[in-house]
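# Remarks on the overall topology
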Amino acid sequence: MSEFSWNTRRKSLNNLANTEFDVLVIGGGITGSGIALDAADRGLSVALIEKRDFASGTSSRSTKLIHGGLRYLEHFDFSLVREALQERAILSRIAPHLVETFPFVIPVYRKLQQNYDHPLKMRAGLLLYDLLAGGDRVNRHRRLSAEEALKLAPQLDSEGLRGALLYYDALTDDSRLVIEVIKTACSRGATISNYTRLLGFTKSVDGMISGARLRDEFTGQSFVARSKVLINATGVWVEDIIRLDESGEAQLSKRVRPSKGVHLTVSADRLRVSSAWLIPSLKNHRFYFVVPWKGKVNVGTTDTDYIGDKDSPRAERAEAEEILAAINQYFPAARLKPSDVISSWAGLRPLITDQRAVKTSEISRKEELSETADGLISISGGKLTTYRRMARSAMDLAAARLSKRYGIKSSVSRTEDLTISGGAMKREELKRAVLRLIDTEKLSPQSAEHLVFSYGSNYRHLIELMREDDNLRKPLVEGSPELSAEIVYAARHEMALTLSDALIRRTRLAVLAGEGSVECAVEAAALMARELGWDNEEIKRQIENFISEFKKEYESPFTAEARSTQRQHREKKE
Ligand code: FAD
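Residues numbered from 1 in each chain as written. Predicted model: local features only at pLDDT ≥ 70, side-chain atom pairs only at ≥ 80, totals over all residues. Heavy atoms only, no water.

### Quick look at the pattern of salt bridges
The condition that has to hold: Salt bridge criterion: a side-chain nitrogen from Lys or Arg within 4 Å of a carboxyl oxygen from Asp or Glu. Helix and strand definitions here come from DSSP, where helices need a minimum of 4 consecutive H or I residues and strands a minimum of 2 consecutive E residues; each element is numbered from the N-terminal end. Residue burial is assigned from relative accessible area. The probe radius is 1.4 Å, only protein chains are included, and a residue is buried under 20% of its type maximum, exposed over 50%, and partly exposed in between.
A full pass over the atoms with the stated rule returns 54 salt bridges. Its salt-bridge partner being D41, residue R188 comes within 2.9 Å of it at the nearest N-O pair. Placement of R188 in the loop between α6 (174-187) and β7 (191-193) and of D41 in helix α2 (residues 30-41) is noted, with a sequence separation of 147 residues between them. Here R188 falls in the partly exposed class, since its relative accessible area comes to 41%.

In structure tokens, the structure reads:
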């Protein structure tokens, strides 16, 4: 297994300072990662830089669906839905470990106002969804009786329930998808560096952009990287990057309108669902997803205009209350309380529009590809699901520029058939691997399943680590499936450079264990310290930084408030 660690990053920084690349990609979310992979696979020399950690922007904060987007049919966005459904099929093939076909259910009540829309309209929408998916016979939508629906969600409101509509989409782990795409790009020769920020551009005598001023965020050192083409894939930051160029502002035609979406994670014992559900919002014509995910349940999301710090959006109490109220209305027997919320998180959709008047939910999710007069290519908008197609479009444009300006020829995009890291085994083979691991390695069924479906065929490398050191079999959080070996693997093979990288984005412990992730921070930091050579002072700093990031971005707003009330009481007493 090849190394992808701080040592790889050191070499990458050296390469960045001393080589001229064909393509430099700015932004290590799913879009930038997809572009780096597409470029490397075309045989071009490519580098990718990310100012924080990979997927630290929107790409770790989505609903985690690989889907066509049923709701977009209402806006007659048929081509968007069809393309996304085609991508769903491609991703199921090239990254089977990370794309799980899953049943989604919409309840149908006698009272029309309890439904998202008229049942006949919803049925017609699902018929169209099946057609756009290309007539997959196995996973066609169907009607469920009220009894069948209640079997999938025993806490669902049964009063006036006529039945439900069941269809299929897919679940993923967004930040693991990003890291697997990045690892694949690296294995094809891409130069990759996280914690490397773009500060500005350099230009050649003809006024075209010829490179970038970058800063290593760990040392503060800045330097120039040279590249024939630069691609800006910075999501909600895309305009900020264009403005770094003095002529950028004048060239902005459409605008990014960040739209905030909040999710809560709750325990699967408290909200008992064995399929995903679509529940109408009590406030507007939207629905919330209720999605079983890695042994917990994610619920969300909201969709509201956002102005504020784009680096650290967080769920506010009112937003969390709104989601809980909707869930409790449709699942009254669950009686979810604020204390049932394990964690919360917020993401910013990079919506692109030239209008200010419409609601964010009405803006198309289609991507926008543009180029400034001095040659900066920018791509933003779109969806996690359509990243591969977006990457291909951006690279088609970049390849045309390389060919015209420099005579550099490259092959067409071949990522449709390119297996992503970990994707070498089909889901049936992975299921058999789970049984083998339970038997031969004596792993708990939960840990075996977690390892195999998080890392795909790379699970073997984690098993090797555990065979070398028995201590690495230990769960990181009591009762959770994540194992100590994952922290070592993250540092050695997934360029995790901080404790937050390992606990938030390589494993998803901050989301899944909430406060539990804070409790395991000391142990996890000790494991990383061994890999990265941290001394005691650095260990302390890493733990403090992780706790601060957790509190700012993942802690339930109810916990934060309860803690502040307790503190005020204590201070009054004193
Ligand atoms: P990002 O992931 O934000 O990446 C941009 C990167 O650029 C960031 O990591 C940032 O740090 C970096 N950057 C910024 N400035 C600089 C700089 N100066 N130098 C270097 N790097 C820089 N899509 C789906 O398909 N399915 C879903 O279920 C789904 N759910 C969603 C739910 C919510 C709440 C939201 C907000 C979005 C959802 N989406 C979903 C959409 C999807 O998540 C996004 O379209 C996608 O993640 C955007 O990826 P990106 O790479 O373009 O942006």
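### Observations regarding the environment of L171
Note that L171 resides in strand β6 (residues 161-171). Note on L171: relative accessible area 5%, which makes it buried. Taking C-alpha positions, L171 is 8.0 Å from W293, a pair spaced 122 residues apart along the chain.

### Some details on a positive patch on the surface
Spelled out, the test is: A residue counts toward a patch only above 30% relative accessible area and without a salt bridge, and it is joined to like-charged neighbours within 9 Å or, for Val, Leu, Ile, Met, Phe, Trp and Tyr, to nonpolar neighbours within 5 Å. Note that accessible areas follow from Shrake-Rupley with a 1.4 Å probe, and for residues the cover is restricted to the protein chains shown. Only four residue types enter the charge count, namely Lys and Arg as positive and Asp and Glu as negative; His and the chain termini do not. A charged residue contributes its charge at one atom only: NZ of Lys, CZ of Arg, CG of Asp or CD of Glu.
Residues R110, R123, R143 and R162 make up a contiguous surface patch of positive charge. Within the secondary structure, R143 is located in strand β5 (residues 142-145).

### Concerning the layout of surface pockets
The test is simple: For each structure, a 1 Å grid was placed over the protein atoms alone; sets of points admitting a 1.4 Å probe that cannot get out are labelled cavities, open sets with protein on both sides within 12 Å along at least five of seven lines are labelled pockets, and lining residues have an atom within 4 Å of a point. Grid points are joined across faces, edges and corners, and a volume is the space filled by probe spheres set on the points. Amino acids outside the nonpolar list (Ala, Val, Leu, Ile, Met, Phe, Trp, Tyr, Cys, Pro) and the charged list (Asp, Glu, Lys, Arg) are all regarded as polar, and Gly is one of them.
A volume near 910 Å³ is recorded for the second largest pocket. As for the second largest pocket, its lining consists of 31 residues, of which E100, W293, K294, G295 and E449 are closest to the centre. Mapped by element, the contributors of at least two residues to the lining of the second largest pocket are β4 (100-109), β13 (287-293), α10 (427-440) and α11 (445-455). Along the lines of polarity and charge, the residues of the lining of the second largest pocket split into 12 nonpolar, 10 polar and nine charged.

### Considering the domain arrangement of the chain
Under the convention used in this document: Note that the domain bounds reflect an automated or database-derived domain assignment. Throughout, a contact is declared for two residues whenever any of their heavy atoms are within 4.5 Å. Two parts lose some accessible area (1.4 Å probe) when they are put together, and adding that loss for both gives the buried area.
In terms of domains, the chain is made up of domain 1 (6-59 + 175-254 + 363-417), domain 2 (61-67 + 95-172 + 256-358), domain 3 (426-468) and domain 4 (475-574). For domain 1 versus domain 2, the distance between C-alpha centres works out to 33 Å. Contacts between the two partners involve 25 residues from domain 1 and, on the opposite side, 22 residues from domain 2. With both sides pooled, the region where domain 1 packs onto domain 2 buries about 2200 Å², and carbon together with sulfur makes up 60% of that total. Across the contact surface, domain 1 and domain 2 share two salt bridges. With its nearest N and O atoms 3.0 Å apart, the salt bridge here joins D240 to K310. For the side of domain 1 that touches domain 2, the secondary structure elements donating two or more residues are α6 and α7 (238-243).

### Topic: the packing of aromatic side chains
Cut-off, in case you're wondering: For Phe, Tyr and Trp, where Trp contributes only its six-membered ring, two rings pair if their centres lie within 6.5 Å, and the inter-plane angle classes them as stacked under 30 degrees, edge-to-face over 60, or tilted in between. Two conditions define a charge located above a ring, namely a distance within 6 Å from the ring centre to NZ of Lys or CZ of Arg, and an angle within 35 degrees of the ring normal.
Applying the stated criterion to the full structure yields 11 aromatic pairs. Arranged with centres 6.3 Å apart and planes meeting at 15°, the rings of F4 and F54 form a pair that is stacked. Here F4 is found in the segment before α1 (6-18), whereas its partner F54 is found in the loop between β2 (46-49) and β3 (65-66), with 50 residues between them in sequence. Between F287 and F289, the aromatic rings sit 5.4 Å apart at their centres with planes inclined by 85°, giving edge-to-face as the arrangement. Each member of the pair, F287 as well as F289, is classed as buried. Every member of this aromatic cluster is reached through a ring pair, and the members are F104, Y116, Y129, Y167, F287 and F289. Of note, K64 hangs over the ring of W293, and the distance from its end group to the ring centre comes to 5.3 Å.

### A look at the site of the ligand
Quick reminder of the rule: By convention in this text, a residue qualifies as near a molecule or strand provided that one of its non-hydrogen atoms is within 4 Å of it. The definition of a polar contact used here is a pair of N or O atoms within 3.5 Å, where within protein one atom must be able to donate a hydrogen and the other to accept one, and adjacent residues in sequence count solely through side-chain atom pairs.
Taken together, 37 residues surround the ligand, and among them T31, E50, S59, L65 and T385 come closest. L65 places a polar main-chain atom, nitrogen or oxygen, 2.8 Å from a nitrogen atom of the ligand. The contact in question runs from an oxygen atom of the ligand to an N or O atom on the side chain of T385, over 2.7 Å. In the complex, the protein chains occlude 96% of the 1000 Å² of accessible area that the ligand would expose alone. Counting residues per element, the ones that place at least two in the shell around the ligand are α2, β8 (196-203), β11 (255-267) and β16 (341-353). Mapping the shell around the ligand onto the domain boundaries places at least three of its residues in each of domain 1 (6-59 + 175-254 + 363-417) and domain 2 (61-67 + 95-172 + 256-358).

### A look at α6
Inclusion rule: In a helix, the anticipated span is given by 1.5 Å times the number of residues less one.
The end-to-end C-alpha separation of α6 is 20 Å, in line with the 20 Å expected for 14 residues at 1.5 Å each. When you tally the buried positions in α6, you get 13 out of 14 residues, the bulk of the element. Of the residues that open α6, the one with a side-chain oxygen 3.5 Å from the backbone nitrogen of S175 is D173. Residue G189 follows α6 closely and has a positive phi angle near 105°.

### Here we look at the nonpolar core
We apply this condition: Here, nonpolar core refers to any group of buried Ala, Val, Leu, Ile, Met, Phe, Trp, Tyr and Cys residues whose side-chain atoms link them within 4.5 Å.
Counting 53 residues, the largest nonpolar core has L499, L503 and M528 as its most contacted members. With seven residues, the single largest contributor to this core is helix α17 (residues 521-532). For this core, the two domains that each supply at least three residues are domain 3 (426-468) and domain 4 (475-574). Not counting the four nearest positions on each side in its chain, L499 is found in contact with A521, A524, A525, M528, W534, Q542, I543 and F546. Grouped together as the second largest cluster of nonpolar side chains are 50 residues, I182, I192, V229 and M495 included.

### Details of empty space enclosed by the protein
One pass over the full model with this rule turns up three cavities of 30 Å³ or more. Its volume calculated, the largest cavity comes out at about 50 Å³. Surrounding the largest cavity, S56, G57, T58, R61, V236, W237, K310, D311, P313 and L348 form its lining. A class-by-class count of the residues in the lining of the largest cavity yields four nonpolar, three polar and three charged. No fewer than three residues from each of domain 1 (6-59 + 175-254 + 363-417) and domain 2 (61-67 + 95-172 + 256-358) sit in the lining of the largest cavity. Each pocket or cavity is described by its volume, and for the second largest cavity that value is around 40 Å³. Lining of the second largest cavity is provided by D173, R176, K294, H450, S454, Y455, E486, R506, T507 and R508. With three residues, α11 is the single largest residue contributor to the lining of the second largest cavity. For the lining of the second largest cavity, the class distribution of residues is one nonpolar, three polar and six charged.

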